[in-house]
Each structure stands twice: as structure tokens, then as C-alpha cells.
Amino acid sequence: MRDFEYYAPTRVIFGKDTHLQTGALLKAQGCHRVLIHYGGESALRSGLLKEICRNLAEAGVEYITLGGVVPNPRLSKVREGIDLCRRENVDFLLAVGGGSVIDSCKAIGYGVANPWTDVWNFFLKTETPRACLPIGVVLTIAAAGSEMSDSCVITNEDGWLKRGSSHNSLCRPKFAILNPRLTYTLPRYQTESGCVDILMHTMERYFVNSETMEITDSISESLMQTVIYNARILMKEPGNYNARAEIMWAASLSHNGLTGCGTGGGDWACHQLEHELGGAYDVAHGAGLAAIWGSWARYVYRENPERFAQFAANVFDIPGGRDFEKTALAGIQAMEDFFRSIEMPVSLSQLGLTLSEEEIHRLAFKCSFEDTRTIGVFKQLNMKDMEKIYLAAR
């Protein structure tokens, strides 16, 4: 059992119509000028953005707006936001959207609060931020868990590099408003892709090759079962409030550090592999994870088949026994069958990608930072390992 530190300071306001508390929450923060950051037309068409703006005005909170965030949020939009915030003397950021909008807000917050360097250096890890503008969230997509996490991921169009940054909880939101009703209008693909993302945030922490805490394992296994159960409900009943609520809260719990307590932090190889897919081909993050996970699992499971067998038994109720390898493979198959049941891809071709060996080599080259790093802890993967996993996923 490893020592750990757990810190999750974000205030969560969960339930129906909680977004109407946004103005009061911002006023309580003592801010003077807020940037409302959002994505595309859905926030406008639904009337949510107008409702949020009216709520802030009624609370006497000044604001400006910046839309246009896309999935796999772009560095150019971050830099636009940094310039806008500096010109307008913004002292608080409000993300109205999902993980892409929240991550864009976090990067803007880093850039504004650390004017001594370019914000991309924090994602290259050549510089370390010293501060971040405070952030609040009105969540509209249950997936990334960025509303309670200390990390963010941005894509640089110069080279299409998708890179993450995590620095001592500086960017954790001050508050997160979670109203499950705001997710009702999401397309099925986006909803189910989000469910995969939630699962993977727990699975990345679960699949470690060292002793873990029984209580953390139990929390993780229960969380995974809850997501699987409710993801299937939402395939048939997209307006089911209880299922939406379970998924939304699971997203936050899956990525606020709880399921990593005592595990040493997790593996994260699948996320690193998918980041290259997202950066190069702009695929939905959860779908990309589903497409790569089975190939990763079959490549590494022999390092600790007992761990995969425990996953199979406790998440999918697969009968165990002393043949850990057989049970492990059955668990991997069960997860892929679940992905299929919610219309998620289990290969790159199902993701819509037909990649040549040269393209796969390029992905592995970039993922390995030009053959200078390994990824993963369950099994450390070098560039050749990465190539083999991408090839197996075709």
C-alpha cells in the first residue's frame, strides 16, 4: 500500500436548476469582471448562455464572452482568450460547457497569471506555472471530469501536438455547477463517448502493477459498474434524469483523484496513445480510448494477469478460479463487448481511420517524444511497443 495525498477543494453544487445560482456564486468570489467561455452554437441555441448572462447581470457581475472552443481545444483559442482577458482586466473565468471548454479556461488562466512566459511552455513542461486565474464551471457534458481535476489538455495546431499539463492543483475550479438536465440534448454518440472517458479515468488508475488499497479498489469497481449500467440505460432513455445524474457525478469522482488514492497515480498509457490520435485526426476522446484500450490490454495483461482477473470478476461478474489468464482475457472481451453495446469503436477502422504503417510509425514517434520517453507503469512501453499496440488496434 502506497502513501498518498488527497486534495479536492472544488465546491460542487449538484441538482436541477442549479445553474441559476451562478451569479450569486460569482459574486461571493469577489470578482470584478468575468470571462464566460463556451463552445459552439448549442449553448446559444439552447438558451443556456443567455440565461447565464442574465443571471450574472442580475447579480451585478460584469462579464464578457468568448465562444468557439472545439473538441480537442486549440492553443490559438487559448491565446485569443489570454489577450482578451488582459485587455479587459478579467479576474475570473467561467466555463460553460464540457471538458474542452474547461481545459481551455484552465490554459487561459495559466497564461494570464504567468505573463513571464508563453503558455505552451507549461504543456511542454519546460516551465512551471506559479498561479492561475480562478475558474468556475457550469457543466453541460459528463465526461472529462475536468470540473474537479487539476489537469488540462490542449492541442497545438503547429504540429498538431496534443499535450497535458497538471501543476499542484493551481487550476482546480473554485466551484462546479452540475445540473444533469443540461446534458439532455447531447447526441447519443457524445453521451456514450463521455461514458467511456469516465470509465477510462478510473481504469487508468486501477491498472497498476503494485499493491493497492482494498477500499480504493472497491470504490473504483463500483464506479465502473455504475457507469456501465447507466450508459446502457441512456442508449434507450436519453431523458432519464437518474441515469444522467449518476453519470454526471461519476465523471467528477472518476477524475478528482479519489480512485487513485493508494495506487501511485495510475498507468495513463492509453491516454497518451489516444492523445496522438486526437491531435492528428481530431477524433472524440472517449471513442479514441475505446478503440485503443483492448489492444493495449492484450499487450500488457501478462505483466499481472491477477489484476485483470480481479477486474473481470468484480466489474463483470465473470467466474474466477486459478486460471488468471483465462479470466483476464474474458474480462478484456467483456469490456469490448460493452463498448460495442453502446456503439463505441473497438478498433481504429471502426473509429473511421485507415492508417498505413508509416502513419502508425509517426504516431508512435510523436507519442514517445521522438523516441526519448516511455509511457505507462503497468508495463513500460517504448516506441516499438507503442507501434505494436497501434498496429494491433487497426
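In this report, the structure presented in the accompanying data block is examined. (Residues numbered from 1 in each chain as written. Predicted model: local features only at pLDDT ≥ 70, side-chain atom pairs only at ≥ 80, totals over all residues. Heavy atoms only, no water.)

What follows covers the side chain of Thr263. The topology assignment puts Thr263 in the loop between α9 (241-254) and α10 (269-281). Of note is the side chain of Thr263, whose polar atom sits 3.3 Å from the backbone nitrogen of Gly265. Not counting residues up to four positions away in its chain, the partners in contact with Thr263 are Arg2, Arg205, Val208, Ser210, Thr212 and Thr216. (Helix = DSSP H or I, 4+ residues; strand = E, 2+ residues; numbered from the N terminus. Polar contact = N/O pair within 3.5 Å; in protein donor to acceptor, adjacent residues only side chain to side chain. Contact = heavy atoms within 4.5 Å.)

This brings us to the pairing of strand β7 (residues 161-166). Pairing of strand β6 (residues 151-156) with β7 involves six bridges; the strand directions are antiparallel. Opposite Asn156, over in β7, you have Leu161 as the bridge partner. Taking the residues that link successive antiparallel strands as the turn, the β6-β7 hairpin has four residues, and the phi of Gly159 there is positive, at about 95 degrees. (Pairing = 2+ DSSP bridges.)

Another point: the nonpolar core. Judged by nonpolar contacts, the single largest core of 101 residues is most densely connected at Trp293, Trp296, Phe308 and Phe311. Of all the elements, helix α11 (residues 285-300) adds the most residues to this core, at nine residues. Beyond its immediate chain neighbours, meaning those up to four positions away, Trp296 contacts Phe207, Asp267, Ala269, Cys270, Phe308, Phe378, Leu381 and Ile389. Ranked by size, the runner-up nonpolar core spans 22 residues in total, among them Tyr38, Leu48, Val138 and Phe175. (Core = buried A, V, L, I, M, F, W, Y, C linked by side-chain atoms within 4.5 Å. Buried < 20%, exposed > 50% of the residue type's maximum accessible area, 1.4 Å probe, protein only.)

A word on helix α13 (residues 324-341). Counted at 1.5 Å a residue, the expected span for α13 with its 18 residues is 26 Å, and the 25 Å between its end C-alpha atoms agrees. Where α13 is concerned, the buried positions are Thr327, Ala328, Gly331, Ile332, Ala334, Met335, Glu336, Phe338 and Phe339. Where the residues of α13 are buried, they touch α7 (188-206), α8 (214-236), α11 and α12 (305-316). At the exit of α13 stands Glu343, carrying a positive phi of roughly 60 degrees. (Expected span 1.5 Å × (residues − 1).)

As enumerated under the stated definition, the model contains 16 salt bridges in all. Here Arg79 and Asp118 are joined by a salt bridge, their closest N and O atoms 2.7 Å apart. Linking Arg79 in helix α4 (residues 75-88) with Asp118 in the loop between α5 (99-113) and α6 (120-124), this pair joins segments that are 39 residues apart in sequence. Exposure remark for Arg79: the relative accessible area of 35% places this residue in the partly exposed category. The network of salt bridges with common partners includes Arg33, Glu62 and Glu88. (Salt bridge = Lys/Arg side-chain N within 4 Å of Asp/Glu carboxyl O.)

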